[in-house]
Amino acid sequence: MYTTTLCDVYARAMRWLGHDVFFLTGTDEHGVKVEQSAIEKGVSPQELADKNSAEFRSIMSIFELTNDEFIRTTDPEHTKQVQAFVSTLLERGDIYLGTFEGWYDEGQEEYHTETSARDLQYKSPISGKPLVRSSEKNYYFKLSAYQERIETLFAEQPNLVRPESRFNEVLGRLREGLQDVPISRTNFSWGIPMPSDEEHVIYVWIDALFNYITALGLGDSESTLCKDREKYWPAAYHVIGKEILWFHAVIWPAVLMALELPLPNCIFAHSFWISEGKKMSKSMGNFIDLEMIDSYLETYGMDAWRYYIVTQGPLGASDADFVAETFQDLYNAHLVNTVGNCTSRVTAMIGKYFNGEVQPETKDGARIVFDGFDWPEKCKTTIHSWTSSMESFSLSQAIESVMVLIREVDVFINETAPFKLAKDESKTPELGAILYQCLETLRIASILLDPVIPIKMNEFRTSICAETTNHTFEKETAWGGLEAGIKVEKVALFPRVTH
RNA sequence: UGCGGGGUAGAGCAGUCUGGUAGCUCGUCAGGCUCAUAACCUGAAGGUCGCAGGUUCGAAUCCUGUCCCCGCUACCA
């Protein structure tokens, strides 16, 4: 949910910038866990997967995320293409049938690694029975063959994995050497069968990795899906949780190399949310579940929810703490006191002094300028830093640059004191110009904040009669887009929330 | 065990590479203003920069030791 919201902000920003965006999310539905849990519940794995996926999508719909496609790894289209890709890899010898040997826990039906077996003193942690040396046939992906190419890749693309600390983490593990990885198992059946050897089922994680390209139809080059969507590969970003970094940063690029496909530009691995200083757990009562999210949405609204998780979330290397008090403080400080109050005071003055009619910023045909406040220039600077921050997925940095701009409007109002000029009729042109410049800056800021708080920013533009059309980003954010003479209503975007 | 990151005001962080008045956001306090949602603006208080040594005229910054926290240590999705 968090991950998808981040992508949503990025996708919206990129659409504003005029890029042709394909934003993909979905559900990973295969695996032993699903199979076991289905057995326990007395339903088929497919039924359980359907239920889980539907639930996930219903949650998604609440958040109005703008993904262009929702892929399910149980889609026949996905399954078919995964088998096609695996067949190709088999033909090329990148996947081979090998023997896996290890310490097997007969009670638990699972293998332990050499190190973990030693830690357990070669006994089952559950039953206490000795582990047995056992072996089975598995299909392996020849990861070891890609050691050198992956190392070169990392040397040449220092931004392949972000944040930087994750890049270094992977690099460290890379130095320990790559071994071939098993990609199939025979002890469960809920998954995609290996082509031509149906006893084997492809491991969930490798099946799931392919979603990025099966959603684009790359595994079926004759399909219309592929014709329509192949232009979207390679992806600009794969945004993932840190727990699946290794697969995305090493195995996935190696698989793509084997298939001679281009690699994604960047894999961004975020960290985890903790809650009120502790790891989330249901028994602790600090689990952020749907019910809790709902109560936040009800109290603060969806935009506030997005604003909080995007600006305070664990996009960096360390986990972030979800704290109710911080949520409220941030909401009041940024959304109520800054965005809400500033838009309110500006629209209120236009209402009070000009009957709601926006005045021109000119006098005798020339722009009225105020020392130290070159708004067209300030806006341009903000747009530039916003753009580069957004493009590099520094979402909170992009947002902060806009907040700085809005705070400066507050400074401007305090220094030029339009409410004093209002008492002097000869100053009417200046008064009108000040308010024009404030409102125009806020209009531009509202476009920049649109990716995070779309509902409120749209509401704002509607009430100042400055709805965006389908002009280019450059045109929409150009100074002077606001026309003199339009009618403005006083706004109150974010209601104050107190305990 | 090994590799990597971190410990700076009440909270969250920047500064460390390229030594030289310790900075930002929020909170607290005081003043200003009154257009605005008890808001906004200005200013102040608050820190032995994990601990102990060393180098230097001078160390948050460089070196050594030490304590604590976190991530990774693959076949687990």
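From a predicted model like this one, the values you see are computed outputs, not experimental measurements. (Residues numbered from 1 in each chain as written. Chains lettered and ligands numbered in written order. Predicted model: local features only at pLDDT ≥ 70, side-chain atom pairs only at ≥ 80, totals over all residues. Heavy atoms only, no water.)

## Side note on the overall build of chain A
Secondary structure assignment for chain A yields 20 helices and 16 strands. In terms of its C-alpha atoms, chain A occupies a principal-axis envelope of roughly 95 × 50 × 40 Å. The buried share among the 499 residues of chain A stands at 52%. Long-range contacts, defined here as pairs at least 24 residues apart, represent 74% of the contacts in chain A between residues at least 6 apart. Entry remark: accessible area of chain A is about 23600 Å², with carbon and sulfur atoms responsible for 49%. (Helix = DSSP H or I, 4+ residues; strand = E, 2+ residues; numbered from the N terminus. Buried < 20%, exposed > 50% of the residue type's maximum accessible area, 1.4 Å probe, protein only. Contact = heavy atoms within 4.5 Å. Areas by Shrake-Rupley, 256 points an atom, 1.4 Å probe, with all protein chains shown as cover.)

## Comments concerning the sheet that holds strand β11 (residues 237-241)
Spatially, three strands are ordered β6-β12-β11 in an open sheet, and the strand pairing comes out parallel. The sheet terminates laterally at β6 (161-162) and β11, the two strands that pair on one side only. In this sheet, strand β12 (residues 266-270) lies alongside β11 in parallel orientation, the contact comprising five bridges. In the strand pairing of β12, valine 239 is matched with phenylalanine 268. Strands β11 and β12 of the sheet are contacted by helix α1 (residues 2-16), whose axis makes an angle of about 155° with β11. (Pairing = 2+ DSSP bridges. Axes fitted to C-alpha atoms, helices over the stretch in contact; angles between N-to-C directions.)

## Details of helix α12 (residues 290-300)
Within α12, burial applies to Ile293, Tyr296, Leu297 and Tyr300. Projected onto a plane normal to the axis of α12, the buried residues spread over an arc of 100° and lie on a single side. Opposite the packed face of α12, turned more than 90 degrees from it, sit the exposed residues Glu291 and Glu298. Elements that come into contact with the buried residues of α12 comprise α3 (45-62), α13 (302-312), β14 (320-322) and α14 (324-354). Immediately beyond the C-terminal end of α12, within one or two residues, lies glycine 301, with a positive phi of roughly 95°. (Arc of directions from axis to C-beta.)

## Observations concerning the nonpolar core
Trp305, Trp386, Phe393, Leu395, Leu439 and Leu449 are the most contacted members of the largest nonpolar core, which totals 96 residues. Sorting elements by how many residues they give to this core places helix α18 (residues 428-449) first, with 13 residues. Ranked by size, the runner-up nonpolar core spans 52 residues in total, among them Phe210, Ala249, Leu256 and Leu263. (Core = buried A, V, L, I, M, F, W, Y, C linked by side-chain atoms within 4.5 Å.)

## Thoughts on the sheet that holds strand β10 (residues 197-202)
Strand order across the open sheet formed by three strands is β8-β10-β9, with antiparallel pairing between neighbours. Whereas interior strands pair on both sides, the edge strands pair on one side only; in this sheet they are β8 (184-185) and β9 (193-194). Of the pairings in the sheet, the one linking β8 to β10 comprises two bridges and is antiparallel in character. By the bridge assignment, serine 184 is partnered in β10 with isoleucine 202.

## Let's talk about the confidence of the model for chain A
A low pLDDT score tells you not to read the predicted coordinates there in detail. Of the residues in chain A, 93% reach a pLDDT of 70 or more, and the chain-wide mean stands at 85. For chain A, helix α5 (residues 114-119) is the element with the lowest average pLDDT, namely 61, and α18 is the one with the highest, namely 93. At the level of chain-chain contacts, confidence expressed as ipTM amounts to 0.83, with global pTM at 0.89. (pLDDT = per-residue confidence, 0-100.)

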